[in-house]
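Working through the structure, step by step
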Amino acid sequence: MEATTIKIYPDTKNDLDELRNDDESYDSIITKLLSEVKHKHLIKELVEAYGKKAEEDKQVEKEWNKTSADWD
């Protein structure tokens, strides 16, 4: 795979240095960080979707209970 060069501030490089092992590449640590961000974003989306689904389920149950009461 072809490599490229990016410019980062020295403080950013120092932060990356603190996160990586001696034998780990910058590409590897950046890839891990990106993976963590994507994972957190996915979890947030799932929590929101499950919350929405729970509200929909509550509404269906409410309508069902009302209909069932009408039949009694």
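Below, the discussion takes up the overall build of the chain. In terms of regular secondary structure, the chain is built from 2 helices and 0 strands. For 72 residues, the compact-globule formula gives about 11 Å, and the C-alpha radius of gyration of the chain, at 24 Å, lies well above that figure. Expressed along its principal axes, the backbone C-alpha trace of the chain runs to roughly 75 × 25 × 20 Å. Residues counted as buried form 4% of the 72 residues belonging to the chain. Carbon and sulfur atoms make up 57% of the accessible area of the chain, which totals about 7,200 Å².

Our focus in this paragraph is the pattern of salt bridges. Overall, the coordinates contain 5 salt bridges when judged by the stated rule. Of the charged contacts in the structure, one is a salt bridge between Lys32 and Glu24, with a shortest N-O distance of 2.8 Å. Accessibility expressed as a relative area gives 8% for Glu24, which makes it buried. Across the salt bridge formed by Glu55 and Lys58, the nearest N and O atoms sit 3.6 Å from each other. Note that Glu55 and Lys58 are positioned in helix α2 (residues 26-71) at a spacing of 3 residues, about one turn of the helix. Each of Lys13, Asp17 and Arg20 takes part in one network of salt bridges that share partners.

Okay, the environment of Leu33 next. Turning to its location among the elements, Leu33 is positioned in helix α2. Between the alpha carbons of Leu33 and Leu16 there is a distance of 10.0 Å; along the sequence they are 17 residues apart.

Cut-offs used in this document
- Residues numbered from 1 in each chain as written.
- Predicted model: local features only at pLDDT ≥ 70, side-chain atom pairs only at ≥ 80, totals over all residues.
- Heavy atoms only, no water.
- Helix = DSSP H or I, 4+ residues; strand = E, 2+ residues; numbered from the N terminus.
- Rg over C-alpha atoms; globule rule 2.2 N^0.38 Å.
- Buried < 20%, exposed > 50% of the residue type's maximum accessible area, 1.4 Å probe, protein only.
- Areas by Shrake-Rupley, 256 points an atom, 1.4 Å probe, with all protein chains shown as cover.
- Salt bridge = Lys/Arg side-chain N within 4 Å of Asp/Glu carboxyl O.

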